[in-house]
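Geometric and topological summary
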Amino acid sequence: MTARRVGALGLLIGGVWGALAGPAHVHVAGAQPPAKSKSADDKNQPVTVDADKMERFGKESLVVFTGNVVARQNNSVQYADRMEVYLDEKGDRILRTVSTGTVKIITRDCRTGTARRAEYYDLEQRVVLIGNARVWQEDNVVSGDTITIFLAQDRSVVQGGRQERVKAVFYPHDDKKDGQPAVKTAPAPCQN
């Protein structure tokens, strides 16, 4: 595999979670809302979650969202049937999330990931997509039983399962057409 294609794999997989990961702030009933950040950094943008039901377990610093869960942060979105959000002791910082059911993540730069389960660990800056995991952008795709993304290291590991091996398809990007330099255009909105 060429260096260009290996680099494309890292960008494809690493970007899927980046916009919905990080030490994000969440406002939960009973907690003081976090101070608004003026930083453009994705990690400091608030996470908003819509769902059919929310349960807060204060002693465990756990918030559980169920039913048509939609989490948004900085123009990226995650869909799931259920999302468990584990907070720090103050209840204003996300330490870990576990999303289950039909999990779908769409980043602001149109990368998409799906799995039966998605786990995010803030301290380790690690995301794990489990169960029929798939990440794609345009026609480029990688799939396996488990995809582990180490955000801080810009490294990914894709593992096959008992029934299926790892699969990846990458199309070369042609910067020139008909001998002419490529013209950069504004990206089109993502298609859900």
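Reference entry: report on the structure contained in this document. (Residues numbered from 1 in each chain as written. Predicted model: local features only at pLDDT ≥ 70, side-chain atom pairs only at ≥ 80, totals over all residues. Heavy atoms only, no water.)

**Looking at the overall build of the chain**
Secondary structure summary: the chain contains one helix and 12 strands in total. The helix and strand sequence of the chain, counted from the amino end, reads α-β-β-β-β-β-β-β-β-β-β-β-β. The 192 residues of the chain split such that 40% are buried. (Helix = DSSP H or I, 4+ residues; strand = E, 2+ residues; numbered from the N terminus. Buried < 20%, exposed > 50% of the residue type's maximum accessible area, 1.4 Å probe, protein only.)

**Some thoughts on the packing of aromatic side chains**
Aromatic ring pairs are reported here in terms of the distance separating the ring centres and the angle at which the planes meet. On inspection of all chains with the given rule, the structure shows zero aromatic pairs. For the cation-ring pair, Arg 134 lies above Trp 136, with the distance from its terminal atom to the ring centre recorded as 4.4 Å. (Phe/Tyr/Trp six-rings, centres within 6.5 Å; stacked < 30°, edge-to-face > 60°. Lys NZ or Arg CZ within 6 Å of the ring centre and 35° of its normal.)

**Thoughts on the environment of Gln 153**
Structurally, the position occupied by Gln 153 is in the loop between β8 (140-150) and β9 (155-159). When the C-alpha atoms of Gln 153 and Arg 126 are compared, they prove to be 9.4 Å apart, with 27 residues separating the residues in sequence. For Gln 153, the side chain forms a polar contact with the side chain of Arg 155, separated by 2.9 Å. (Polar contact = N/O pair within 3.5 Å; in protein donor to acceptor, adjacent residues only side chain to side chain.)

**Observations concerning the pairing of β8**
Of all 11 residues making up β8, 10 are buried, and the element is well covered by its neighbours. Judged from the 10 bridges that link them, strand β7 (residues 126-137) and β8 form a sheet pairing that is antiparallel. Among the inter-strand pairings, Val 135 is bridged to a residue of β8, identified as Val 142. If you look at the hairpin formed by β7 and β8, you'll find two residues sitting between the two strands, and Glu 138 has a positive phi there, around 55 degrees. Linking β8 back to β9 in an antiparallel pair, the connection comprises four residues, with Asp 154 at a positive phi of about 50 degrees. (Pairing = 2+ DSSP bridges.)

**Some words on the nonpolar core**
One recurring pattern in soluble globular proteins: nonpolar side chains tend to sit buried together. Within the largest apolar cluster, 14 residues are counted, with the highest numbers of intra-cluster contacts made by Val 103, Val 127, Leu 129, Ala 133, Val 135 and Ile 147. Listing elements by their share of this core, those giving two or more residues are β5 (94-106), β6 (112-121), β7 and β8. Of the residues forming this core, the biggest block, four residues, is contributed by β7. In this structure, Val 63, Val 69, Met 83 and Val 85 belong to the second largest nonpolar core, which totals nine residues. (Core = buried A, V, L, I, M, F, W, Y, C linked by side-chain atoms within 4.5 Å.)

**Observations regarding the side chain of Thr 148**
Within the secondary structure, Thr 148 sits in strand β8. Those residues in contact with Thr 148 that sit more than four places away from it in its chain are Arg 126, Val 127, Val 128, Arg 155, Ser 156 and Val 157. (Contact = heavy atoms within 4.5 Å.)

**Looking at the pattern of salt bridges**
Applying the stated criterion across every chain yields a total of six salt bridges. Among the salt bridges present, the one from Glu 55 reaches Lys 53, with a minimum N-O distance of 3.8 Å. Of the residues examined, Lys 53 reaches a relative accessible area of 46% and is grouped as partly exposed. A salt bridge links Asp 122 to Arg 93, with the nearest nitrogen and oxygen atoms 2.7 Å apart. Of this pair, Asp 122 sits in the loop between β6 and β7 while Arg 93 is found in the loop between β4 (76-87) and β5, placing the two residues 29 residues apart along the sequence. Here Asp 122 falls in the buried class, since its relative accessible area comes to 4%. (Salt bridge = Lys/Arg side-chain N within 4 Å of Asp/Glu carboxyl O.)

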